[in-house]
Amino acid sequence: MNPTKPATDLSSESASKTTRDTLSITDNRTGQQIEIPIKHDTIRAIDLRPIKVKPDDFGLMGYDPAFTNTASCQSKITYIDGDKGILRYRGYSIEELAEKSTYIETAYLLLHGELPTKSQLADWSYHVTHHTFIHESIKKFIDGFHYDAHPMGMMISTVAALSAFYPDSKDIFNPESRRKQTYRLIGKMPTLAAFAYRHSLGMPFVYPDNDLSYCGNFLNMLFRTTEAKYRPNPTLERALDILFILHADHEQNCSSTAMRLVGSSHVDPYCATAAATAALYGPLHGGANEAVLRMLVEIGSIQNVPAYIKSVKAGEKLLMGFGHRVYKNYDPRARIVKNIAYEVFDVMGINPLIEIALECERIALEDEYFVKRKLYPNVDFYTGLIYQSMGFPMTMFPVLFAIPRTSGWIAQWEEMLLDPEQKISRPRQVYLGSDLRGYIPLDNRK
Ligand code: SDX
């Protein structure tokens, strides 16, 4: 402290030191010191490259398997605070959107950044509704599958097939083309899903009914039989609409990352969406809702829950529907889903597996193994109970995740395409393999 200088100067000096948004790094191998900028609590990995031992070294990299501490992009679409259990689409809380919005309006919000005006919503809804039909030839793809083919395999195949039916979709930097593919993808995913479901039952396909809402029409294509006009049950229609809102986007999850990564090669959006759907299929991601139901059926009764929890704590199994890479608190979506469950049960009858699910949650929320690891129910824990009560087979559960997530995937894809900092994704590696070695003729190999 310099006594002649008034404290303020020193404090301004010390203040200037503390307010410099930089990271000072010393390489103890060489004594090299560099200072790199910090912005948004992040450093750019490329700023590490000047740190070298020898001048011709490649330079320092960050190593981050599964990207647990790596930001792949800057985004304005979805915000999650995992510790506080906060989820917002374009700044609007998931709780408010689930209560006051519709899926088709939320899809507009994710894609355009603002809630639509009445005329914008009417125009948006009109175009999505008038893109629900699929080319008749696609029915031949669906008919080619066995009746018991998993509908996610069918979805991945038929979404990718759309690429061949819409070659104009390759014009990805034309906003009009992107808009048209967006209408088509959001409009056709429910049709592809419903046709896959009807194929599994050996029932005729039901064509879209443009008088119905997005979810009402989906229920129509799934469940209509001999009636001239399908009337969706309003409770089920609204429950599905809220579930679709909850599943619409979730920032840089595995499938959105697949959408961005595959899209970064400038392939058309149908192929990128097929890749994202494939990523979602995995039991650690969107396939978890199906895995939860299979787990609850395997447990079979409340009496068997302690034994199952014991096998989880022994590391033999996972408690499916629990845990999350980001949420270290209750997934805000799981809370909303749990409430919807009882509204559906009022209409369809209570799902007996709910008791086993509640017992799993009760034990897990008290048990040190789960508390220490901050394992809470995620969005997939209760959704399957609702879908089963609505009449869906377990194999359709991940499909019910992929349909609404399509709007989030497209929003992420378009943001990536228009981000001047983004280009084809091509990570580096840490090579630990063999050094150069000579070829050994076959007769000389041991
Ligand atoms: C979704 O990313 C997203 O946003 C995804 C999603 C979205 O909307 O897009 O939210 C949707 O995919 C939800 C997650 C659905 N998956 C499941 O419910 C499957 C079960 N959950 C786990 O597989 C796991 O929790 C993950 C995959 C969800 C997260 O895994 P992480 O972040 O890699 O955590 P981890 O595997 O490093 O686990 C940390 C510890 C480990 O124990 P230790 O090695 O420290 O002893 O917690 C344990 C894990 O074994 N653990 C579990 C567990 N999840 C983690 N133990 C038992 N049961 C579980 N479910």
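So, how was this worked out
Residues numbered from 1 in each chain as written. Predicted model: local features only at pLDDT ≥ 70, side-chain atom pairs only at ≥ 80, totals over all residues. Heavy atoms only, no water. Buried < 20%, exposed > 50% of the residue type's maximum accessible area, 1.4 Å probe, protein only. Helix = DSSP H or I, 4+ residues; strand = E, 2+ residues; numbered from the N terminus. Contact = heavy atoms within 4.5 Å. Domains from an automatic or database assignment. Near = heavy atom within 4 Å. Polar contact = N/O pair within 3.5 Å; in protein donor to acceptor, adjacent residues only side chain to side chain. Areas by Shrake-Rupley, 256 points an atom, 1.4 Å probe, with all protein chains shown as cover. Nonpolar A, V, L, I, M, F, W, Y, C, P; charged D, E, K, R; others polar. Pairing = 2+ DSSP bridges. Axes fitted to C-alpha atoms, helices over the stretch in contact; angles between N-to-C directions. Parallel < 35°, antiparallel > 145°, perpendicular 65-115°, else oblique. Left-handed = near helix turned anticlockwise from the far one by under 90°.

Draft legend 1. Representation of helix H10 (residues 254–263) within the structure. Among the residues of H10, those classed as buried are Ser255, Ser256, Ala258, Met259, Arg260 and Gly263. Considering only its buried residues, H10 is in contact with helix H11 (269–281) and helix H18 (397–418).

Draft legend 2. Quick peek at the domain arrangement of the chain. In terms of domain boundaries, the chain breaks down into domain 1 (1–63) and domain 2 (73–420). The distance between the C-alpha centroids of domain 1 and domain 2 comes to 44 Å.

Draft legend 3. Region of interest: the site of the ligand. Every one of the 23 residues lining the ligand counts as a neighbour, but His250, His324, Arg325, Arg333 and Arg405 are closest to it. Asn378 is positioned such that a nitrogen or oxygen atom in its side chain is 2.9 Å from an oxygen atom of the ligand. Compared with its free state, where it exposes 1,100 Å², the ligand has 72% of that area covered by protein. Class assignment of the residues belonging to the shell around the ligand gives a composition of eleven nonpolar, seven polar and five charged.

Draft legend 4. Inspection of the sheet that holds strand S5 (residues 92–93) at higher detail. Strand order in this open sheet of three strands is S3-S4-S5, and the pairing throughout is antiparallel. The outermost strands of the open sheet, each flanked by one partner alone, are strand S3 (78–81) and S5. Sheet analysis places strand S4 (residues 86–89) next to S5, joined by two bridges and oriented antiparallel. In the sheet register, Arg88 faces S5, and the bridge partner there is Ser93.

Draft legend 5. Focus on the packing of helix H7 (residues 175–201) against H18. Axis separation between H7 and H18 bottoms out at 9 Å; the angle between their running directions is 165°. Relative to H18, the element H7 lies roughly antiparallel. Relative to H18, H7 is oriented so that their crossing is right-handed. Together, Arg178, Thr182, Leu185, Ile186, Met189, Pro190 and Ala193 of H7 and Val399, Ala402, Ile403, Thr406, Ser407, Ile410, Trp413, Glu414, Leu417 and Leu418 of H18 make up the contact between the two elements.

Draft legend 6. How the structure looks around the pairing of S4. The side-chain alternation of S4 yields one buried face, formed by Leu87 and Tyr89, and one unburied face, formed by Ile86 and Arg88. As defined by bridge partners, S3 adjoins S4 across four bridges and the pair is classed as antiparallel. From the neighbouring strand, Ile80 faces S4, where its bridge partner is Leu87. Here S3 folds back onto S4 in antiparallel fashion, the turn holding four residues, of which Gly85 has a positive phi close to 65°. Linking S4 to S5, which pair antiparallel, is a turn of two residues; within it Arg90 sits at a positive phi near 50°.

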